[in-house]
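# Chain and residue survey
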Amino acid sequence: MSDTIKYFLEESKMPKTWYNIASDLPKPLDPVLHPGTLKPIGPDDLAPLFPMALIGQEVSQEREIEIPEPVRDIYKQWRPSPLYRARKLEKHLDTPARIYYKYEGVSPSGSHKPNTAVAQAFYNKEEGTKKITTETGAGQWGTSLAFACKLFGIELDVYMVKVSFEQKPYRKLVMQTYGARCVASPSNETDSGKAILAKHPDSSGSLGIAISEAVEMAAKNPDTKYALGSVLNHVLMHQTIVGNEALLQMEMADDYPDILVGCTGGGSNFAGLVFPFIGKKFREGLKTRVIACEPKSCPSLTKGKFVYDFGDTGRLTPLMKTHTLGSQFVPPATHSGGLRYHAMAPMVSHLKEIDAIEAKAYGQKECFEAGVNFARTEGIVPAPEATHAVKGAIDAALECKKKGESKSILFNLCGHGHFDMKAYGDFFDGNLAEDKFDQASVDKALEELPKIA
């Protein structure tokens with residue numbers, strides 16, 4: 001086994017349950033509040049947007065939630081995904097560290113997002129949903145939900161952040177290929193979109209704005225539900241199929257991660273890999289270090305306030321206790337569209353507050369440099385978002401080299417960058433702007449936080 005590169009699980013060994021970290025928290029999560037009453041929301045408050053099965057998963061305290069058989073059958077098209085030992089990268093870095101990565105780019109849409117897209121489409125179909133609205137940043141989520149909705153015969157409208165809509169035209173075309181309708185956000189289709197355009201006609205858009213548009217359209221139409229690609233507890237839980245597989249594959253490698261790394265925007269791919277390991281950490285007292293890597297231009301974990309805030313710019317969503325830069329903050333345009341979200345998932349924020357994880361912020365130039373080094377050694381071109389995890393893993397490996405420590409590092413390579421070559425072209429041509437953190441804009445946005453006693 002000493003020279004093994006990849007570890008494959010048989011389909012029959014694919015986990016049959018998702019892991020719910022709420023069951024193992026040493027301190028419970030703060031409740032989600034109704035924006036009108038400021039009291040904890042109930043199932044009836046969420047019923048216009050989500051099927052009851054997903055609402056139940058959102059608040060469940062059960063440790064294991066069974067993955068429905070129809071979902072598992074679809075998962076088999078790309079799951080279990082491979083675990084790789086990055087031996088060529090280790091040699092390139094001349095590090096004693098052992099670097100592993102779970103590769104989610106093998107899915108039909110090229111990222112981890114179908115893990116929850118298929119599940120959400122399934123539960124919506126079970127409840128008779130005819131149409132779904134959603135938002136997407138870089139397009140990974142919109143593409144994945146388009147794929148899933150086509151499988152279950154559900155109509156889909158996707159509001160795609162305008163800067164990514166313009167940067168990544170092929171994402172739109174893939175969504176159309178799967179049968180979805182893709183609209184640049186902010187748009188003139190919704191009241192929230194019109195309000196933004198009235199103030200900022202040249203708005204580049206943001207995930208917060210696109211969420212407002214999608215939520216508004218779902219709320220106005222009784223036959224339509226809304227689906228979110230990250231942030232919420234049930235979404236993060238669906239992604240734990242990644243970590244549950246990785247636990248078994250690390251056993252195959254006769255190893256266990258000392259350090260876990262993932263990129264973070266809303267928190268889904270990060271949670272998917274690390275939550276099952278953090279659960280073991282809570283239950284068994286393991287000393288695993290967990291690092292969340294975010295962009296310097298939108299650093300909710302490292303620069304945000306841990307307070308109640310809206311999940312969207314139009315203030316249509318419930319209030320969540322989260323690390324936030326303010327729902328009115330519009331992050332500057334970068335190529336990592338999937339990480340341009342003003343707030344972090346409440347569960348990931350909670351883990352940061354109780355010191356179960358740490359966070360680092362990186363600029364996009366250093367991340368693309370890491371992504372190129374990874375591609376030139378391991379052969380896979382990472383998505384811009386995933387380069388943040390690559391950078392975090394490389395830094396951890398170089399730290400091991402400096403200290404002469406042979407530690408095991410595991411990260412989630414959450415998607416490939418085949419639709420993002422314009423970004424790599426900008427990097428090679430010296431046209432890639434460095435991330436800018438606009439403290440003044442954040443301060444202004446934080447002044448508009450909802451007042452919670």
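A short tour of the structure in this document, coming up.

Each value, and the rule that gives it
In every chain, residue numbers begin from 1 and rise along the written sequence. Reporting of local features is limited, given that this is a predicted model, to residues whose pLDDT is at least 70; pairs of side-chain atoms are given and counted only at 80 or more, and all residues count toward the totals for whole chains, interfaces and linings. Working from all heavy atoms in the structure, the side-chain values ignore hydrogens and water. Helix and strand labels come from DSSP, where a helix needs a run of H or I of at least four residues and a strand needs a run of E of at least two; each type is numbered from the N terminus. Residue exposure (1.4 Å probe, protein chains only): buried if accessible area is under 20% of the type maximum, exposed if over 50%, otherwise partly exposed. Whether two aromatic rings pair depends on their centres lying within 6.5 Å, for rings of Phe, Tyr and Trp, where Trp uses its six-membered ring; planes under 30 degrees apart make the pair stacked, over 60 edge-to-face, and the rest tilted. Only strands that DSSP links by at least two bridges are regarded as paired with each other. The contact rule is simple, with two residues in contact once any of their heavy atoms fall within 4.5 Å. Each axis is a line fitted through C-alpha atoms, taken for helices only over the stretch in contact, and angles between the N-to-C directions span 0 to 180 degrees. Whenever a carboxyl oxygen of Asp or Glu lies within 4 Å of a side-chain nitrogen of Lys or Arg, that contact is scored as a salt bridge. For the purposes of this section, nonpolar cores are sets of buried Ala, Val, Leu, Ile, Met, Phe, Trp, Tyr and Cys residues that join through side-chain atoms within 4.5 Å. An angle below 35 degrees is treated as roughly parallel, one above 145 as roughly antiparallel, one from 65 to 115 as roughly perpendicular, and anything else as oblique. Polar here means any residue other than Ala, Val, Leu, Ile, Met, Phe, Trp, Tyr, Cys and Pro, which are nonpolar, and Asp, Glu, Lys and Arg, which are charged; Gly is therefore polar. A pocket here means an open set of points on a 1 Å grid, computed over the protein atoms alone, that has protein on both sides within 12 Å along at least five of seven lines. A cavity is instead a set of points where a 1.4 Å probe fits but cannot get out; residues with an atom within 4 Å of a point line either one. Grid points are joined across faces, edges and corners, and a volume is the space filled by probe spheres set on the points.

## Topic: the environment of glutamine 439
- Its location among the elements puts glutamine 439 in helix H19 (residues 439–446).
- According to the relative accessible area criterion, glutamine 439 is partly exposed, its value standing at 37%.

## Thoughts on the packing of aromatic side chains
- Applying the stated criterion across every chain, the model contains 14 aromatic pairs.
- Ring centres of phenylalanine 368 and phenylalanine 427 lie 6.2 Å apart, and the angle between their planes is 25°; on these two criteria the pair is classed as stacked. Linking phenylalanine 368 in helix H16 (residues 364–378) with phenylalanine 427 in helix H18 (residues 421–428), this pair joins segments that are 59 residues apart in sequence.
- Ring geometry for phenylalanine 374 and phenylalanine 411: centres 6.0 Å apart, planes at 75°, overall edge-to-face. Separated by 37 residues along the polypeptide, phenylalanine 374 in helix H16 and phenylalanine 411 in strand E15 (residues 408–413) bring together distant segments of the chain. For the residue pair phenylalanine 374 and phenylalanine 411, the accessibility class agrees, reading buried in each case.
- Every member of this aromatic cluster is reached through a ring pair, and the members are Tyr75, Trp78, Phe147 and Tyr178.

## A word on the sheet that holds strand E1 (residues 6–7)
- Here we have 7 strands laid out as an open sheet, ordered E1-E4-E5-E15-E10-E11-E14, and mixed in their pairing. The open sheet terminates on both sides in strands that have one partner only, identified here as E1 and strand E14 (358–362).
- Contacts from helix H13 (residues 268–284) reach strand E5 (98–103), strand E10 (259–263), strand E11 (289–295) and E15 within the one sheet, and its direction differs from that of E10 by about 160°.

## Some words on the pattern of salt bridges
- Counted under the stated rule, the structure contains 27 salt bridges.
- Among the ionic pairs, arginine 85 bridges to glutamate 90, the shortest N-O distance being 2.5 Å. As far as the burial class goes, arginine 85 and glutamate 90 line up, both buried.
- Taken together, the salt bridges that share partners define one network made up of Lys131, Glu155, Asp157, Arg181 and Glu189.

## Focus: the nonpolar core
- In terms of nonpolar packing, the biggest core is built from 70 residues, with Trp18, Tyr75, Val118, Phe275, Val348 and Leu410 touching the most fellow members.
- Not counting residues within four places of it along the chain, the set of residues in contact with valine 118 comprises Val71, Ile74, Tyr75, Trp78, Phe147, Ala148 and Phe152.
- Among the nonpolar cores identified, the runner-up in size contains 32 residues, and Ile380, Ala386, Ile394 and Ala397 belong to it.

## A few points about the sheet that holds strand E6 (residues 131–136)
- As summarised here, the arrangement of the 4 strands in space is E8-E7-E6-E9, forming an open sheet in which the pairing is parallel. Each having just a single partner strand, strand E8 (181–185) and strand E9 (224–226) make up the two edges of the open sheet. Across the sheet, the mean angle separating the axes of adjacent strands is 25° when strand polarity is ignored.
- Inspection of the sheet shows strand E7 (residues 155–161) paired to E8 by 5 bridges, in the parallel sense. Following the sheet pairing, tyrosine 159 is matched in E8 by valine 183.
- Against the sheet, helix H8 (residues 169–177) engages E6, E7 and E8, with an angle of about 175° to E7.

## Some points on the packing of helix H6 (residues 140–152) against H8
- Relative orientation of the contacting elements H6 and H8 amounts to 10°, with a least axis distance of 8 Å. Classified by the interaxial angle, the pair formed by H6 and H8 is roughly parallel. Contact residues: H6 offers Gln140, Gly142, Thr143 and Ala146, while H8 offers Arg171, Val174 and Met175.
- Partitioning the contact of H6 with H8 into residue classes produces 3 nonpolar, 3 polar and 1 charged.

## What to know about empty space enclosed by the protein
- Under the criterion given, the structure shown has 4 cavities of 30 Å³ or more.
- What the largest cavity holds in volume is close to 380 Å³.
- If you trace the largest cavity, you find 31 residues lining it, with Lys113, Leu207, Ser230, Gly338 and Leu339 closest to the centre.
- For the lining of the largest cavity, the per-class residue count stands at 12 nonpolar, 16 polar and 3 charged.
- Quantified by volume, the second largest cavity comes out at close to 50 Å³.
- If you trace the second largest cavity, you find it lined by Tyr19, Asn20, Ile21, Ala22, Asn233, Leu236, Met237, Phe275 and Met347.
- Considering every element that reaches the lining of the second largest cavity, the biggest residue donor is helix H11 (residues 233–238), with 3 residues.

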